[in-house]
Amino acid sequence: SIPHLIAGNDLLGIAQTGTGKTAAFVLPILQELTAATNYQPKAGHPRALILAPTRELAIQIGDSIQVYSKFLSINSTTIFGGVSQNKQIAALIRGVDIVVATPGRLLDLYRQGHLKLKEVSSLVLDEADEMLDLGFLPDVEKIFTSTPKRSQTMLFSATMPGDILSLARRFMNQPVHIRTQVHE
């Protein structure tokens, strides 16, 4: 998937947990963000948005970004509900390149005006099948329609339900389909 993402293609990836999906989408995003020299993050205007269904997965992705970007000038934050939003708002005000978020809290901060999505150039929906099973489809659709149409879009899922294909058709531009299988 990495060569397709570096080339700027939208991507629909089907792979089981533990197959390296996070690296598959984070590394090309870091490549794109570091290629834009002299760019300073603007308050509340991330350039990459990664959506996850649970706070645990959002934290895990955020931790991976910290490891992968250790020697880069990339700022990221993780946003999820169940905790005070004050630190999350403070991070957005300082300016971040990448936001990893659960849809509910992301939309809360968006509606409050702390977050703008008009500069998002990379949009990732991780564990798309789980997000749709948990009833996030209306939130996901709102987020997709709030980002620029020119955004590179990546959907990753362990399975391919019809809802994911419908999302891909509506919000993706001729996505490359990648499927990996783990042989035990």
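The structure we're discussing is the one just above.
Residues numbered from 1 in each chain as written. Predicted model: local features only at pLDDT ≥ 70, side-chain atom pairs only at ≥ 80, totals over all residues. Heavy atoms only, no water.

*Asks:* Hey, could you go over the sheet that holds strand β1 (residues 11-14) for me, with residue numbers and the actual values?
*Replies:* If you walk across this open sheet you meet the seven strands as β3-β4-β2-β5-β6-β1-β7, and the pairing is parallel. If you trace the sheet from one side to the other, it starts and ends with β3 (76-79) and β7 (176-179), each paired once. This sheet shows a mean twist of 15° between the axes of neighbouring strands, independent of strand direction. Across four bridges, strand β2 (residues 48-51) lies against strand β5 (residues 122-125) in parallel orientation. (Pairing = 2+ DSSP bridges. Helix = DSSP H or I, 4+ residues; strand = E, 2+ residues; numbered from the N terminus. Axes fitted to C-alpha atoms, helices over the stretch in contact; angles between N-to-C directions.)

*Asks:* Give a description of a positive patch on the surface that names residues and reports values.
*Replies:* Together, Arg111, Lys118, Lys142 and Lys149 give the surface a local cluster of positive charge. Relative to the elements of secondary structure, Lys142 occurs in helix α7 (residues 137-146). (Patch = residues over 30% accessible without salt bridge, like charges linked within 9 Å, V, L, I, M, F, W, Y side chains within 5 Å. Areas by Shrake-Rupley, 256 points an atom, 1.4 Å probe, with all protein chains shown as cover. Salt bridge = Lys/Arg side-chain N within 4 Å of Asp/Glu carboxyl O. Lys, Arg positive; Asp, Glu negative; His and termini not counted. Charge placed at Lys NZ, Arg CZ, Asp CG, Glu CD.)

*Asks:* Would you mind going over the nonpolar core in detail, with residue names and values included?
*Replies:* Core analysis: the largest hydrophobic core is formed by 29 residues, its most contacted members being Leu49, Leu51, Val99, Leu106, Leu125 and Leu155. Broken down by secondary-structure element, the contributors of at least two residues to this core are β2, α4 (86-94), β4 (98-101), α5 (103-111), β5, α6 (128-133), α7 and α8 (162-171). Those residues in contact with Leu106 that sit more than four places away from it in its chain are Leu49, Leu51, Ile79, Val99, Ala101, Leu115 and Ile143. (Core = buried A, V, L, I, M, F, W, Y, C linked by side-chain atoms within 4.5 Å. Buried < 20%, exposed > 50% of the residue type's maximum accessible area, 1.4 Å probe, protein only. Contact = heavy atoms within 4.5 Å.)

*Asks:* Let's hear about the pairing of β3: which residues, and what values?
*Replies:* With four bridges connecting them, β3 and β4 associate as parallel partners. Within β4, the residue paired with Thr78 across the bridge is Val100.

*Asks:* Any details on the pairing of strand β6 (residues 152-157)? Residues and values, ideally.
*Replies:* For β6, a buried count of six out of six residues is recorded, marking the element as mostly surrounded by other parts of the structure. Covered by surrounding structure in β6 are Gln152, Met154 and Phe156 together with Thr153, Leu155 and Ser157, the residues of both alternating faces. As judged from the four bridges shared by β1 and β6, these two strands associate in the parallel manner. The residue bridging Leu12 from the neighbouring strand is Leu155, located in β6. In this sheet, β6 lies alongside β5 in parallel orientation, the contact comprising four bridges. The partner of Leu123 across the bridge, within β6, is Thr153.

*Asks:* Can you break down the side chain of Gln88 residue by residue, with the values?
*Replies:* Note on placement: Gln88 falls in helix α4. A distance of 3.0 Å separates a polar atom in the side chain of Gln88 from the backbone oxygen of Phe80. Setting aside chain neighbours within four positions, we find Gln88 in contact with Thr78, Ile79, Phe80, Val83, Arg105 and Leu109. (Polar contact = N/O pair within 3.5 Å; in protein donor to acceptor, adjacent residues only side chain to side chain.)

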